[in-house]
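Now for the letters of each chain:
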Amino acid sequence: MTEITETPAAQAPEEKKPEDEINAEEATNGNHNGESETNGDAQEESGEKTEPPKEMRAIVLTSFGGFKGLKVLKKPEPAPQAGEVLIRVKACGLNFQDVIVRLGAIDSPPKTPCILGFECAGEIEAVGEGVTNFEVGDRVVALPEFKAWAELVAVSESYVYKIPANMTFTEAAAITLNYLVAHILVNDLAVVRPGNSVLLHSAGGGVGLAVAQLCKLVGDVTLFGVASKAKHETLEPLGLITNLLERNGDYLNEVRKLTPQGVDIVLDCLCGEECNKGYSLLKPMGKYVLYGSANVVTGETKSFFSVARSWWQVDKVSPIKLFDENKSLMGFNLRHLLYQQGDFGASYVRGTVEKVFALWNEGKIQPTVDTTWALEDVADAMQKMHDRKNIGKLILDPAQTPKPKPATPAKGKSKDKKQVIEEKNGDKERKTDGDAEAEEKKDEEKTEENGSNGDQAADEKSASTNGEDKPSS
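Thresholds applied
Residues numbered from 1 in each chain as written. Predicted model: local features only at pLDDT ≥ 70, side-chain atom pairs only at ≥ 80, totals over all residues. Heavy atoms only, no water. Helix = DSSP H or I, 4+ residues; strand = E, 2+ residues; numbered from the N terminus. Contact = heavy atoms within 4.5 Å. Areas by Shrake-Rupley, 256 points an atom, 1.4 Å probe, with all protein chains shown as cover. Buried < 20%, exposed > 50% of the residue type's maximum accessible area, 1.4 Å probe, protein only. Pairing = 2+ DSSP bridges. Core = buried A, V, L, I, M, F, W, Y, C linked by side-chain atoms within 4.5 Å. Right-handed = clockwise from strand over helix to strand, strands pointing away. Salt bridge = Lys/Arg side-chain N within 4 Å of Asp/Glu carboxyl O. Polar contact = N/O pair within 3.5 Å; in protein donor to acceptor, adjacent residues only side chain to side chain. Axes fitted to C-alpha atoms, helices over the stretch in contact; angles between N-to-C directions. Phe/Tyr/Trp six-rings, centres within 6.5 Å; stacked < 30°, edge-to-face > 60°. Lys NZ or Arg CZ within 6 Å of the ring centre and 35° of its normal.

Okay, the overall build of the protein chain next. For the protein chain, the helix and strand inventory stands at 13 helices and 16 strands. At a minimum sequence separation of 6, the contacts of the protein chain that also span at least 24 residues come to 70%. When the accessible surface of the protein chain is split by element, carbon and sulfur atoms take 50% of a total near 27,600 Å².

This is the structure we're talking about:
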């Protein structure tokens, strides 16, 4: 490849201008400068100032790992772009996927800092160019990829859904994502039918309870629900689960005792070794559906060992084995379907959301809300989900007052200790000053005593001398 170097053109000699032209130009420039100064003075006099951008509160993930990376910060208010709507958020849904994102254990994680959240409900405040299906004032729920946990969110209309007139924003945030997943699992993938037996992991969570309600609608379904022992007391009275099994117990043998042939369907959101256990429980013509990987969450921060182990523990099943054993394996990833698989995914999800809202309108399903939290208390809410202590949905409410923060004992103790040290030092200083004064006084007394002794000695000496000088009679 030949390199071409451009040579600058030779400068033309300057033409001298007559004095009259120069004076005319100077006068013109002077007038222009005068105009700009006048304009500047006019702006100053009118008091016009550039307004700072409006801000909103948002939950921002500043770094992956522990709860310290979660901050409620002021961010500039978004404006809707073409094809987007701007939503004033009234309620947000907290899902286990948010816990995995916080750890950085999700595939294709976002760059930090970023606003978290996949689910929110509220009212439309503005619409961008080209939006025809929504207008200002519409009550909606949205499923954006991140950025849902804020007072305002601008999101593509592809991920926004109108909610029924009598549905509250809290109900909308509690029902949409959980029942969307459950509806696809029960009706589209596993195709649960009367007489089927189903093994369901995390039966006390938001999706678990949604699956249980939908199985109840099918009728005559034997549901084995695996949940933490602490949740059994709350779940039993609901009457949705046929047999409750302890998560950390030997649920495999418990199921085999109750149904020696196995189960028709396994719905697994854990992954890892549960995959092999679930597959081994399948009857011929049975279906195993993996729709999560909660087992990657162990400690507060991401563990590469936990992530690797959850995949190492999964046996590789070939299509030939499935063919020989008459079993089916399926997977479902809502995030990929909605955000990475084009118009098909968005359209499929929209149709399912409409079916879910129709069931709610008919009174056939009702979400279970565990607790509602202020944005500032998101770390506590996420800790509860991280520890698998929630029964049903956790909701974040931007209008809710945060819990008062208790006084930190450590700081108080250290402060008291500091005060004690200062007091001790003060006593030492006072003692030192007192000792110095006492020593001074003692020295003075000694000096006086010495002086007094000296005077006495001098008097005695004088008396003695006088006696020697006196003549004897």
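Back to the write-up after that little detour.
The topology assignment puts V221 in the loop between α4 (206-218) and β10 (222-227). Judged by its relative accessible area of 15%, V221 falls in the buried class. Considered as a pair, V221 and I241 are 20 residues apart in the sequence and their alpha carbons are 9.4 Å apart. In contact with V221, other than residues within four places in its own chain, are V192, R193, N196, V198, C215 and T242.

What follows is about the sheet that holds strand β4 (residues 114-115). Ordered by their spatial adjacency, 3 strands build an open sheet running β2-β1-β4, and the pairing between neighbours is antiparallel. Strands with a single pairing partner mark the edges of an open sheet, and in this sheet they are β2 (70-76) and β4. Sheet topology places strand β1 (residues 55-61) next to β4; 2 bridges connect them, and they run antiparallel. Directly across from V60, in β4, lies its bridge partner I115.

Moving on: the nonpolar core. What tends to happen in soluble globular proteins is that the nonpolar side chains get buried as a cluster. Counting residues in hydrophobic clusters, the biggest one holds 96 residues, and the most contacted among them are I87, W149, V211, L267, Y291, F357 and L396. Here the element with the most residues in this core is helix α3 (residues 169-189); it accounts for 13 residues. Counting 16 residues, the second-largest nonpolar core is a separate cluster that includes V266, C271, C275 and L282.

Once that is clear, we can look at the pairing of strand β11 (residues 243-246). Two elements, β10 and β11, share 4 bridges in a ladder whose sense is parallel. Within β11, the position partnered with F224 by the bridge is N243. Where the polypeptide runs from β10 across helix α5 (residues 229-235) and back to β11, its parallel neighbour, the crossover connection is right-handed.

The tally for this structure, following the rule as stated, stands at 13 salt bridges. The salt bridge involving D138 is made with K162; its shortest N-O contact spans 4.0 Å. Placement of the pair is D138 in the loop between β5 (120-127) and β6 (139-142) and K162 in strand β8 (residues 160-162), with a sequence separation of 24 residues. Accessibility expressed as a relative area gives 14% for D138, which makes it buried. A relative accessible area of 46% means that K162 is categorised as partly exposed.

The subject of this paragraph is the side chain of E151. The topology assignment puts E151 in the loop between β6 and β7 (152-156). Only 2.7 Å separates the side chain of E151 from the backbone nitrogen of R57, close enough to count as a polar contact. Residues in contact with E151, not counting those within four places in the same chain, are M56, R57, I87, R88, V89 and P398.

Strands sit in the order β11-β10-β9-β12-β13-β14 across an open sheet of 6 strands; the sheet is parallel. Strands at the two margins of the open sheet, each flanked by one partner only, are β11 and β14 (328-331). When strand polarity is set aside, the average angle formed by the axes of neighbouring strands in this sheet is 15°. Of the pairings in the sheet, the one linking strand β9 (residues 197-200) to strand β12 (residues 263-268) comprises 3 bridges and is parallel in character.

Attention now moves to the packing of aromatic side chains. Scanning the model with the defined rule gives 3 aromatic pairs in all. Look at F118 and F146: their rings are 4.9 Å apart centre to centre, the planes differ by 50°, and that puts the pair in the tilted class. Of this pair, F118 sits in the loop between β4 and β5 while F146 sits in the loop between β6 and β7, placing them 28 residues apart in sequence. Each member of the pair, F118 as well as F146, is classed as buried. Between Y159 and Y339, the ring centres sit 5.3 Å apart and the planes meet at 85°, which makes this aromatic pair edge-to-face. Here Y159, found in the loop between β7 and β8, pairs with Y339, found in helix α10 (residues 334-339); they are 180 residues apart in sequence, far enough to count as distant. For Y339, a relative accessible area of 17% translates into the label buried. Against the face of F67 rests R102, its NZ or CZ located 4.1 Å from the ring centre. Over the ring of F169 we find R139; its NZ or CZ atom is 4.7 Å from the centre of that ring.

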